[in-house]
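Residues per chain are reported as follows:
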Amino acid sequence: MTVTCDLTITLDGYAAGHRQTEQRPFGDDGGDGWGDRLHAWYGEGREVHPAEFDRMLTAKAFIMGRNMFGPVRGPWDRPWTGWWGDEPPYHGPVFVLTHHPRDPQPMAGGTTFHFVTDGIEAAMERAREAAGDGGISVHGGATTVNQYLAAGLIDELRLHVSPFTLGAGVRLFDGVPPLNLEQLDARSTPSVTHLRYRVLR
């Protein structure tokens, strides 16, 4: 079982800008606040990025932070179901890190959001049980990825680097001890550079 992370970042390492809101989930991201510039490569689709899309679809369970799931803070005061509409793209169990309990949220297409209140290791254990022999994706955002990197729980890091700098925001590797990485491959297009590393222990 491989634990992977796919994360799109700017050239200076930011996965989102400051001042994230419900109307601008990526905050001051150098574009429309919805990641149009940062994630331009994703909008180009599988035809332009076949290997990268194929790899992202191998995971059988997912982990994300509460900020990635939505803008609601504190106790759950409304029935927020994520940014992705009635049928999220995960089609499997998603474990959301939170400090506030909530019942599982089933969605169309096989996605169910489970809310984990007892930390990153507990979420990983539940993801392992759910994935069986399949892979696990630590899906984001950068703060959650940093926690898993610092804990030594990610096997393969896949970075998609957009060709601009942001200067401020939520940054990959903040608070992460030095890592030893083995580069597995790299591929560039006009909109992004794809980098894939094995995390050595």
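Placed above this text is the structure.
Residues numbered from 1 in each chain as written. Predicted model: local features only at pLDDT ≥ 70, side-chain atom pairs only at ≥ 80, totals over all residues. Heavy atoms only, no water.

## Side note on the pattern of salt bridges
No. 1: With the rule as written, the count across this model stands at twelve salt bridges.
No. 2: A salt bridge links glutamate 156 to arginine 196; its shortest N-O distance comes to 3.3 Å. Here arginine 196 lies in strand 11 (residues 192-200) and glutamate 156 lies in strand 8 (residues 156-162), a separation of 40 residues in the sequence.
No. 3: Here glutamate 182 makes a salt bridge to arginine 198, at a shortest N to O gap of 2.7 Å. Highlighted residues: glutamate 182 in strand 10 (residues 180-189) and arginine 198 in strand 11, separated in sequence by 16 residues.
No. 4: Each of the salt bridges in this network shares a partner with another, and the network as a whole consists of Asp6, Arg55, Glu156, Arg158, Asp185 and Arg196. (Salt bridge = Lys/Arg side-chain N within 4 Å of Asp/Glu carboxyl O. Helix = DSSP H or I, 4+ residues; strand = E, 2+ residues; numbered from the N terminus.)

## So, the sheet that holds strand 10
No. 1: Read across the sheet, nine strands follow the order 5-6-4-3-7-1-8-11-10 without closing on themselves; strand pairing throughout is mixed. Taken across any chain shown, the strands that pair with only one partner, and hence form the sheet edges, are strand 5 (105-106) and strand 10.
No. 2: Where strand 1 (residues 3-10) and strand 8 come together, seven bridges link them in parallel fashion. Within strand 8, the position partnered with aspartate 6 by the bridge is arginine 158.
No. 3: Along the sheet, helix 5 (residues 142-150) contacts strand 1, strand 3 (59-65), strand 4 (93-97) and strand 7 (135-140); its crossing angle with strand 7, the most-contacted strand, is approximately 130°. (Pairing = 2+ DSSP bridges. Contact = heavy atoms within 4.5 Å. Axes fitted to C-alpha atoms, helices over the stretch in contact; angles between N-to-C directions.)

## A word on the nonpolar core
No. 1: The biggest cluster of nonpolar side chains holds 31 residues, and the ones touching the most others in it are Leu7, Ile63, Tyr148, Ile154 and Leu159.
No. 2: For this core, the elements supplying multiple residues, two or more each, are strand 1, strand 3, strand 4, helix 4 (120-131), strand 7, helix 5, strand 8 and strand 11.
No. 3: Ranked by the residues each element gives to this core, the list is headed by helix 4, at six residues.
No. 4: Contacts of leucine 7, omitting those with residues within four sequence positions, involve Ala15, His139, Ala142, Arg158, Leu159, His160 and Leu172.
No. 5: One finds Trp76, Trp80, Val94 and Met107 within the second-largest nonpolar core, a separate group that totals 13 residues. (Core = buried A, V, L, I, M, F, W, Y, C linked by side-chain atoms within 4.5 Å. Buried < 20%, exposed > 50% of the residue type's maximum accessible area, 1.4 Å probe, protein only.)

## Topic: the pairing of strand 7
No. 1: Counting buried positions over the six residues of strand 7 gives six, a clear majority of the element.
No. 2: Relative to strand 7, strand 1 runs parallel, the two being bridged by two bridges. When the bridges of strand 7 are listed, valine 3 appears paired with isoleucine 136.
No. 3: In this sheet, strand 7 lies alongside strand 3 in parallel orientation, the contact comprising five bridges. Counterpart to isoleucine 63 in the pairing with strand 7 is valine 138.

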